[in-house]
Amino acid sequence: MKDSLRQQFQRLAMRLDELDATLSDPHIAADMKRFRELTREHAEVSGVVEGFRRFEQRERDLAGAREMLVDPDMAEMAQEEVAAAQADVQRLGIQLQTALMPRDPDDERNAFVEIRAGTGGDESALFAADLARMYLRYAERRGWRVEVLSESVSDLGGYKEVVFRIEGENVYGRLKFESGGHRVQRVPATETQGRIHTSACTVAVLPEPDAAEEIALNPAELRIDTFRASGAGGQHVNKTDSAIRITHLPTGIVAECQDDRSQHRNKAKAMAVLAARLREKDRSERAAKEAATRKGLIGSGDRSDRIRTYNFPQGRLTDHRINLTLYKLQFILDGDLDEVIAALEAARAAEQLAALESGEG
């Protein structure tokens, strides 16, 4: 391990001592927000420091085993210990370097998932419904809570557009690589000649901002319209103008919510979506500037990036960013996304690790 990395871990050990002292102060619990932040940092730092101590111990074990190799009576046992210790040192070293990689502070947040039909008409809208079902099934597997904020249903029962809010542990961190263009190749239900068509949808995953960020919106820059909700919602919804549409005038960005009977609650939810979209606009503009100097393997999450193809005749899913191909399409569409997400996370980690190492070299 490079000396610069060792120094970082030694600094973390000193930080852990500081956190222990701070958290032992009874006054710190009076500020719950600060207390939670420190507790979360303590858990993260203590895990890394503990890993570094295990790494150092296995380094000492390795050195000791090598010294024993000169003793003929101990050589065979020592050789086994050298091999085991070397493997542990390598494994723990990789884990520790991964722990030093920058974390996205948004990963722990809840998320808004927006799915929009693109080229392909009714078939695209049906594919949008398939994607929506895939994410809902995945959320169900992980025990996340989902609410539909707005939907525009097509004639054949698909979605022209649908927006979900998903609440749970590490939602944005798990779903953030889903943003981009999704393409489907299959024989549509409307096709009489049996020909394979290609259609597309776009997905955007946005982290839910803090309430404090939502309040920062200037009311003078907002136009708020009420309208009658369309689609599912019961008789009551169709008789009242409870649905809310908010337009951010400087950017033209629009958010709406129609799922609740309460106009007040719909307004609060639409404001949260608008804040998330404005925040995402800033993030994507920053990402575009960074991409001009170094294009990441995973991409910027821009909707124009074609990230994945779902080929029904072959039962194949291909993620173009990492050249991943899986022949288990139906399982994935039923919400079995873990293998895809793990591969994307591993690719991002490899990218970050390469950047970390080159930055030190």
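Residues numbered from 1 in each chain as written. Predicted model: local features only at pLDDT ≥ 70, side-chain atom pairs only at ≥ 80, totals over all residues. Heavy atoms only, no water.

Let's shift gears to the packing of helix α1 (residues 3-23) against helix α3 (residues 75-100). The contact between α1 and α3 brings their axes to 11 Å, and the two run at 70°. Here α3 runs roughly perpendicular to α1, going by the angle between their axes. Our pair here, α1 against α3, has a crossing hand that is left-handed. Contact residues: Leu5, Gln8, Phe9 and Leu12 in α1; Leu96, Gln97 and Leu100 in α3. For the contact of α1 with α3, a count of residues per class yields 5 nonpolar, 2 polar and no charged. (Axes fitted to C-alpha atoms, helices over the stretch in contact; angles between N-to-C directions. Helix = DSSP H or I, 4+ residues; strand = E, 2+ residues; numbered from the N terminus. Parallel < 35°, antiparallel > 145°, perpendicular 65-115°, else oblique. Left-handed = near helix turned anticlockwise from the far one by under 90°. Contact = heavy atoms within 4.5 Å. Nonpolar A, V, L, I, M, F, W, Y, C, P; charged D, E, K, R; others polar.)

Inspection of the secondary structure puts Thr318 in strand β10 (residues 316-319). Overall, the relative accessible area of 10% leaves Thr318 in the buried class. Each C-alpha atom of the pair Thr318 and Leu329 lies 9.5 Å from the other, and the pair is 11 residues apart in sequence. With sequence-adjacent residues up to four places away left out, Thr318 is seen in contact with Ile307, Arg308, Thr309, Leu324 and Thr325. Of note is the side chain of Thr318, whose polar atom sits 3.5 Å from the side chain of Thr325. (Buried < 20%, exposed > 50% of the residue type's maximum accessible area, 1.4 Å probe, protein only. Polar contact = N/O pair within 3.5 Å; in protein donor to acceptor, adjacent residues only side chain to side chain.)

Let us look at the nonpolar core. Ranked by internal contacts, the top residues of the largest apolar core, which has 38 residues, are Val113, Ile115, Leu131, Tyr135, Leu175 and Tyr310. Breaking this core down by element, the ones donating at least two residues are β1 (111-117), α4 (121-142), β3 (159-167), α5 (171-175), β5 (197-207), β11 (324-326), α9 (329-333) and α10 (338-360). Looking at which element gives the most residues to this core, the answer is α4, with 9 residues. Leave out the neighbours within four places in its chain, and Tyr135 touches Val113, Ile115, Leu175, Glu178, His182, Val203 and Leu337. Within the second largest apolar cluster, 20 residues are counted, among which are Phe112, Met271, Ala275 and Leu278. (Core = buried A, V, L, I, M, F, W, Y, C linked by side-chain atoms within 4.5 Å.)

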